[in-house]
Protein chains: 2
Amino acid sequence: MRDWLKSLGHEYIVTDDKEGPSSEFQKHIKDADVLISTPFHPTYLTKEIMDTAKNLKIAVTAGVGSDHVDLNAANERKITVAEVTGSNVVSVAEHVVMTILTLVRNYQPSHEMITSGNWQVSNVARDCFDLEGKVVGTIGAGRIGYRVLQRLKPFDCKELLYYDYAELPAEANKAVGARRVEDLNEFLSQCDVITVNAPLHEGTRNLINKDTLKHVKKGAWIVNTARGAICNAEDIAAAVQSGQISGYGGDVWNVQPAPKDHPWRDMQGPRGRGNNMTPHMSGTSLDAQARYAAGTKEILDNFFHGKPQTPANVIVENGQYATKAYGQRK
Amino acid sequence: MRDWLKSLGHEYIVTDDKEGPSSEFQKHIKDADVLISTPFHPTYLTKEIMDTAKNLKIAVTAGVGSDHVDLNAANERKITVAEVTGSNVVSVAEHVVMTILTLVRNYQPSHEMITSGNWQVSNVARDCFDLEGKVVGTIGAGRIGYRVLQRLKPFDCKELLYYDYAELPAEANKAVGARRVEDLNEFLSQCDVITVNAPLHEGTRNLINKDTLKHVKKGAWIVNTARGAICNAEDIAAAVQSGQISGYGGDVWNVQPAPKDHPWRDMQGPRGRGNNMTPHMSGTSLDAQARYAAGTKEILDNFFHGKPQTPANVIVENGQYATKAYGQRK
């Protein structure tokens, strides 16, 4: 990337010093035409910082998910916000299936039994179930949620459900055989496993909280690889610890990096079960990183040469929200 | 079980004290007509112990896998050996897919980063890959191996391979699209992920050792949920530690319970990667346990009433190896 940008006559500054007014980020953003950031350890591009960024024309997310950018403020300033749509959908869908299996099969306490030198199979087997025969539901059946359903199909779940604003196209639904449930609480009450695959917006923020958790089946498992703030951190931790739900896993946090005392770091249910959290990494496999780099380069190349962007990559442009491809199937 | 046996006029003795000549097991086996054991924490039924078990007529494995019984000695004594065939095949296949995903996506070090209070995504992302686009091969495409292939199908692997003594039936193979490789070393050299789903016998004992590991792709992952002795413990641990393979996971051990100093307990590759071991539990989910109990009861009911056993459940009977269903597809 550096050599390519240099060959085009641009200056390329890389930093992870981005907190506070004297940080490298806030110093250089004043002159920058282009900002590249990632959704994993995000650089929050606020209205106040945009006010100092007089030259900024485009903010590129080298990945998927641009909620670390104040999109309304970007619109007002006609700053383009673009991301590499689709580059991580498979990676995240794989992480979801992995996390469902590790929770349902009680992997984590079982592995720790081995490394701690013990062997009491019955102590971990009592929290180990098969995914076969369970009801699994996704909140959001878009590009990630649908890929999760595809991968779950041969596991012979009792039923696959989805909660979304629209029906899946008939052809797509025929391939996975899922049933839409329109009412959230009704959806929650039917699932043994709930997976969240929806974007963060005012309709999904704090969607899973102590009130909606009352509708979740006792002993269900919840997996969230979408955005941390969709689930209430304290309410989830309390539900895991009390055993109301059997576990929670995923890789997204309401603040990233998560503070050392974030309740999702050390929450545990009975017998040490039910915490399968990782740092925000599902979309950052080496395979996905290669796709991000290629996609970011394409967005920059379009920008430098005045070529139109791939529509699905554009979040806001020319002071308007672009039609976002979210929800488009396959 | 106890109430049912009592109602039939039998005495039912349960013990996990089974080591040494003064153990409860060795004391009571002298009078027992029936022995029920599990493959997870097995009671080794040796020739010497059979010599003391003058009344023993049937040894039932409440699960699948009866290699803890000396089958030749049982044949000589016309002791029937039966197991609950098929009761755990889905459970084990799920454990295999889970372990493949946790290894390829580098789950374990990522989770430990969270519980230890850290957050350096790049340190774990550098060992995280997608399963999509990888070559996955199974040693054994029988009832478990085939179910693994079925579950891997929607992950869009580059290729699914299998090493077995025969071709899959055309119909079964069409559903998963796998290719048979007849030569072991050729098979090993093509796989990014190798999963072992074969029974333990003289042809598979120590199959993966330092010599055959030379043919395995550098950085491959190996998953073994079949029997521990199929893989050489020291050679695998050395290959993980050197980084020659990226990881090893599964739940079977050459001795069970594994001794505290077994090399698979604490082996780790570079950056803490590559150990996804659990105690022998994959087939002992609560869902599988319900199937074992029902199957064991059925075997005993047949025995008590002189009814024929379900052929697939019989390992040896009337002094002969029964035709074992191993290798039968679906």
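Source: prediction; values computed, not measured. Position labels on residues start from 1 in each chain and follow its written sequence. The naming scheme follows written order: chains are lettered A onward, ligands numbered 1 onward. Residue-level local features of this predicted model are given only where pLDDT is at least 70; pairs of side-chain atoms are given and counted only at 80 or more, and the full residue set underlies all totals for whole chains, interfaces and linings. Side-chain numbers here rest on the full set of heavy atoms in the structure, without hydrogens or water.

**Q** Mind showing me how you'd approach the interface of chain B and chain A here?
**A** Interfaces are often sized by the amount of accessible area the parts lose when they come together. If you look at the interface, chain B gives 60 residues, while chain A gives 60 residues. For the pair chain B and chain A, the summed buried surface comes to about 5100 Å²; carbon and sulfur atoms form 62% of the total. A carboxyl oxygen of Asp or Glu within 4 Å of a side-chain nitrogen of Lys or Arg is what we treat as a salt bridge. Counting the contacts that link chain B with chain A gives six salt bridges. Note that Lys-134 of chain A and Asp-287 of chain B form a salt bridge whose closest N and O atoms lie 2.9 Å from each other. Any pair of nitrogen or oxygen atoms within 3.5 Å is treated as a polar contact; in protein, a donor-acceptor pairing is required on top of that, and neighbouring residues in sequence qualify only through side-chain atoms on both sides. Counting across the interface, chain B meets chain A through 32 residue pairs in polar contact (both at pLDDT 80 or more). Elements that contribute at least two residues to the side of chain B that touches chain A include exactly helix H5 (89-104), helix H6 (107-115), helix H7 (121-125), helix H8 (143-152), helix H13 (263-266), strand E10 (275-277) and helix H14 (286-304) of chain B. Only Asp, Glu, Lys and Arg are considered charged in this grouping, and only Ala, Val, Leu, Ile, Met, Phe, Trp, Tyr, Cys and Pro are considered nonpolar; every other residue, Gly among them, is considered polar. Looking at side-chain class alone, the side of chain B that touches chain A contains 26 nonpolar, 21 polar and 13 charged residues. Whether two residues touch is decided by their heavy atoms; if any such pair falls within 4.5 Å, the residues are in contact. Computed with a 1.4 Å rolling probe, the buried area is the accessible surface lost when two parts are put together, summed over both parts. Helix and strand assignments come from DSSP, with helices taken as H or I runs of at least 4 residues and strands as E runs of at least 2, each series counted from the N terminus.

**Q** Hey, could you run me through empty space enclosed by the protein in this one?
**A** It is the rolling of a water-molecule-sized probe over the atoms that shows where space remains empty. Cavities and pockets are found on a 1 Å grid laid over the protein atoms alone: a cavity is a set of points where a 1.4 Å probe fits but cannot escape, a pocket is an open set with protein on both sides within 12 Å along at least five of seven lines, and a lining residue has an atom within 4 Å of such a point. Grid points are joined across faces, edges and corners, and a volume is the space filled by probe spheres set on the points. For the structure shown, the criterion picks out two cavities of 30 Å³ or more. Computed from the structure, the largest cavity encloses a volume of approximately 50 Å³. A class-by-class count of the residues in the lining of the largest cavity yields three nonpolar, three polar and two charged. Counted as a void, the second largest cavity has a volume near 30 Å³.

**Q** What is the right way to read the environment of Tyr-12 of chain B from this model?
**A** Residues and elements named next belong to chain B. Following the sequence through the fold, Tyr-12 ends up in the loop between helix H1 (2-7) and helix H2 (24-28). Buried residues are those whose accessible area, probed at 1.4 Å on protein chains only, stays under 20% of the maximum for their type, while exposed residues exceed 50% and partly exposed ones sit between those limits. When its relative accessible area of 27% is taken as the criterion, Tyr-12 is described as partly exposed. Separated by 224 residues in the primary sequence, Tyr-12 and Ile-236 have C-alpha atoms spaced 42 Å apart. Excluding its chain neighbours within four sequence positions, the residues that come into contact with Tyr-12 are Met-1, Arg-2, Leu-5 and Ile-36.

**Q** Can you walk me through the pattern of salt bridges in this structure?
**A** For side chains bearing opposite charge, pairing can occur when the charged atoms are close. All names here are of chain B. Summed over all chains, the structure comprises 36 salt bridges over all chains. With a shortest N-O distance of 2.9 Å, Asp-130 and Arg-105 are connected by a salt bridge. One end of the pair, Asp-130, is in the loop between H7 and strand E4 (135-139); the other, Arg-105, is in the loop between H5 and H6, with 25 residues separating them in the sequence. What makes Arg-105 buried here is its relative accessible area of 1%.

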